Amino acid sequence: LFNNVKVLIHCAFVQEPGKQGKDANVSGTKAMLTAARKTGVKKFIFFSTTSAHENNASSYGQSKLSVEKLFSGEHDLVLKCGLIIGTGGLFKQMLLHALNKKIVPVLDGGKQAVQFISIDSVAHAIHHVLETQIYGTFILAQPKPVGYKELFLIVEKHFKQKFFFVPIPFSFLNWILSVSGKLHI
């Protein structure tokens, strides 16, 4: 599978929450890396997220962090992306929800910081790292984050729409998560 391959770009992710999803992501990546390294692939690029850090309790962030740790070789590159603004992915899902429902749920008044990057900037970064000998871990995001609500106010203005921002208290979210955990959901 990896014969004559010089660069491996890993963007795959199993969207299953919890330990089962994390295990699938880690074991699949380990198997892929082992096979690729044996056949002489020279450069490995893993797309992660700025959400991948020890203090993030989400399955997504923890799974990405576990996979990141597999990319520590001298030819490995980890690109930790902010929210990618483009025509697909998570941002598209968020955008379509807001445009279709006219509702944007906001935690803590929507003040949580969102680091984002355009898909064009990601493509430019990929081109750059393929042309150079850059290795290590780097963040791909605009240097100045915006608030979540602020982001959707910009979207609202761009699309000439009016959204209803629904505040969700942290206490309610914690209660939902607690009940979900007890019910093994």
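Quick caveat: nothing in here was measured; it's all calculated off a predicted structure. (Residues numbered from 1 in each chain as written. Predicted model: local features only at pLDDT ≥ 70, side-chain atom pairs only at ≥ 80, totals over all residues. Heavy atoms only, no water.)

*Asks:* Which residues make up a nonpolar patch on the surface, and what values go with them?
*Replies:* On the surface, a nonpolar cluster with roughly 200 Å² of combined accessible area is contributed by Val7, Ile9 and Leu130. Positionally, Leu130 belongs in helix H4 (residues 119-131). Here Leu130 falls in the partly exposed class, since its relative accessible area comes to 38%. (Patch = residues over 30% accessible without salt bridge, like charges linked within 9 Å, V, L, I, M, F, W, Y side chains within 5 Å. Areas by Shrake-Rupley, 256 points an atom, 1.4 Å probe, with all protein chains shown as cover. Salt bridge = Lys/Arg side-chain N within 4 Å of Asp/Glu carboxyl O. Helix = DSSP H or I, 4+ residues; strand = E, 2+ residues; numbered from the N terminus. Buried < 20%, exposed > 50% of the residue type's maximum accessible area, 1.4 Å probe, protein only.)

*Asks:* Let's hear about the sheet that holds strand E2 (residues 43-49): which residues, and what values?
*Replies:* Spatially, E1-E2-E3-E8 is the arrangement adopted by the four strands of the open sheet, whose pairing is parallel. The sheet terminates laterally at strand E1 (7-10) and strand E8 (136-140), the two strands that pair on one side only. Averaged over all pairs of adjacent strands, the angle between their axes in this sheet comes to 20 degrees, without regard to strand direction. Two elements, strand E3 (residues 76-81) and E8, share five bridges in a ladder whose sense is parallel. Note that in E8 the partner of Lys80 across the bridge is Ile139. Sheet contacts for helix H1 (residues 18-38): E1, E2 and E3; angle to E1, the most-contacted strand, approximately 175 degrees. Sitting on the sheet, H4 touches E1, E2, E3 and E8, and the angle it makes with E2 is about 155 degrees. (Pairing = 2+ DSSP bridges. Axes fitted to C-alpha atoms, helices over the stretch in contact; angles between N-to-C directions. Contact = heavy atoms within 4.5 Å.)

*Asks:* Report on the pairing of E3, specifying residues and quantitative values.
*Replies:* Taking burial as the measure, the six residues of E3 include six buried ones, the bulk of the element. Of the two faces of E3, the one carrying Asp76, Val78 and Lys80 and the one carrying Leu77, Leu79 and Cys81 are both buried. Pairing of E2 with E3 involves six bridges; the strand directions are parallel. Following the sheet pairing, Phe47 is matched in E3 by Leu79. Crossover handedness for the path E2 to helix H2 (residues 59-68) to E3: right-handed. (Right-handed = clockwise from strand over helix to strand, strands pointing away.)

*Asks:* So, H2: which residues are in play, and what are the values?
*Replies:* With eight of ten residues buried, H2 lies mostly within the body of the structure. Turning to H2, its buried residues number three or more, namely Gly61, Gln62, Ser63, Lys64, Leu65, Ser66, Val67 and Glu68.

*Asks:* Provide a residue-level description of the pattern of salt bridges, including the pertinent values.
*Replies:* Pairing between side chains of opposite charge can happen when their charged atoms approach one another. For the structure on display, the rule yields four salt bridges. Residue Glu54 is joined to Lys69 by a salt bridge in which the shortest nitrogen-to-oxygen separation is 3.3 Å. You can see Glu54 sitting in the loop between E2 and H2 and its partner Lys69 sitting in the loop between H2 and E3, a full 15 residues away along the chain. By the burial criterion, Glu54 is exposed, and Lys69 matches it. Note that Glu68 and Lys80 form a salt bridge whose closest N and O atoms lie 2.8 Å from each other.

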